[in-house]
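As a plain string of letters, each chain reads:
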Amino acid sequence: PYSSAPLWLAGNNYELNGYSIWNKDRKIFQEFQLGVNVGSELNSDTRFGFDIFFAKRYIEEFNKPLLCIKQTLGGIPISEKGSGQIARWQASVNLIPKGERVMVSEVAQKIKEAQDYAKKNNIKLIPIAILYLQGEADANHSRRLVYYKNNFLIIKSYLRNLVGNNKLPFI
């Protein structure tokens, strides 16, 4: 939340210059700013993730802007086991129970929209990494935990293939 934001972010009106995130509602890349565009389920969210630390370091190190396509929703498993989920990260979409959101399809749609936008606006998108934070929904469920390693390796491969680079750093 705002109250725990680092000074470099708070002192810049909670904005990270040079770090733009795909705004799924406006269908554009827009500067990261808490409460305005954080790239999560709710763009006006006032919470932040570890991506801002990666972005800040990247921008400082390479003196280049960074674009991000973000797909996030808390407490989402990669396992098809168990019921009552609102969504899953499972790469085998046919295993996801009917009525649950399919996170891989949602991120694939965002990537396609961002690529179309980039092409129309003469922007070259070059994937440099996949930042990934996941696990609590699987670790707290004994039936899911058994399959975690295999499901994780599958989703890792799926996401790399989605952007066309099977050696892309997975952080």
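It should be emphasised that the depicted structure is a prediction, and the values quoted were computed from it without experimental measurement.

Peer 1: Can you break down the nonpolar core residue by residue, with the values?
Peer 2: Ile76, Trp89, Met103, Tyr132, Ile155 and Leu159 are the most contacted members of the largest nonpolar core, which has 18 residues in total. Elements represented by at least two residues in this core include exactly helix H3 (103-120) and helix H6 (148-162). It is H3 that provides the largest number of residues to this core, a total of 4 residues. Beyond its immediate stretch of four places on either side in the chain, isoleucine 76 contacts Ile86, Ala87, Arg88, Trp89, Met103, Gln134 and Ala137.

Peer 1: An account of the sheet that holds strand S1 (residues 15-23) is needed here, citing residue identities and associated values.
Peer 2: With respect to topology, 3 strands assemble into an open sheet ordered S2-S1-S3, the strand pairing being mixed. Two strands close off the open sheet at either side, each with one partner strand: strand S2 (28-33) and strand S3 (66-68). When strand polarity is set aside, the average angle formed by the axes of neighbouring strands in this sheet is 40 degrees. Inspection of the sheet shows S1 paired to S3 by 3 bridges, in the parallel sense. For serine 20, the partnering residue across the bridge sits in S3 and is leucine 67. Its contacts with the sheet place helix H2 (residues 51-62) against S1, S2 and S3, and it is angled at close to 120 degrees to S1. On top of the sheet, H3 reaches S1 and S2; it is set at about 110 degrees to S1, its chief contact.

Peer 1: Tell me about the packing of aromatic side chains, and name the residues and values.
Peer 2: With the rule as written, the count across this model stands at 13 aromatic pairs. Within the aromatic cluster, the residues linked to one another by ring pairs are Trp89, Tyr132, Tyr148, Phe152 and Phe170. Seen from the ring of tryptophan 8, lysine 56 lies directly overhead, with NZ or CZ sitting 5.1 Å from the centre. Just above the ring of tyrosine 147 sits the side chain of lysine 81; from NZ or CZ to the centre is 4.8 Å.

Peer 1: Outline the pairing of S2, supporting the account with residue identities and numerical values.
Peer 2: Where S1 and S2 come together, 6 bridges link them in antiparallel fashion. For tryptophan 22, the partnering residue across the bridge sits in S2 and is phenylalanine 29. Hairpin geometry of S1 and S2 is characterised by an intervening segment of 4 residues between the two adjacent antiparallel strands and by a positive phi of about 60 degrees at lysine 27.

Peer 1: An account of the side chain of asparagine 23 is requested, with residue identities and associated values reported.
Peer 2: Topologically, asparagine 23 is positioned in strand S1. When its relative accessible area of 3% is taken as the criterion, asparagine 23 is described as buried. Contact partners of asparagine 23, with chain neighbours within four places excluded, come to Ile28, Gln30, Asn37 and Asn43.

The rules behind each value
Each chain carries its own residue numbering, running from 1 in the written order of its sequence. pLDDT decides what is reported in this predicted model: residues at 70 or higher carry local features, side-chain atom pairs at 80 or more are listed and counted, and totals for whole chains, interfaces and linings draw on all residues regardless. The basis for the side-chain values is all heavy atoms of the structure; hydrogens and waters are excluded. Definition of nonpolar core: a set of buried residues of the types Ala, Val, Leu, Ile, Met, Phe, Trp, Tyr and Cys, connected through side-chain atoms within 4.5 Å. For the exposure calls, accessible area comes from a 1.4 Å probe over protein chains only, and a residue counts as buried if that area is under 20% of its type's maximum, exposed if over 50%, partly exposed in between. Helix and strand definitions follow DSSP, with helices as H or I runs of at least four residues and strands as E runs of at least two, each counted in order from the N terminus. In this analysis, two residues are considered to be in contact whenever any of their non-hydrogen atoms come within 4.5 Å of each other. In this scheme, strands are said to pair when DSSP sees at least two bridges between them. Only C-alpha atoms enter the line fits that serve as axes; for helices the fit covers just the stretch in contact. Angles between N-to-C directions range over 0 to 180 degrees. Each Phe, Tyr or Trp ring (for Trp, its six-membered ring) is paired with any other whose centre lies within 6.5 Å, and the angle between the two planes then decides the class: stacked below 30 degrees, edge-to-face above 60, tilted in between. By definition, being over a ring means that NZ of Lys or CZ of Arg is both within 6 Å of the ring centre and within 35 degrees of the ring normal.

Everything listed here is a matter of coordinates, which is why it stays silent on function.
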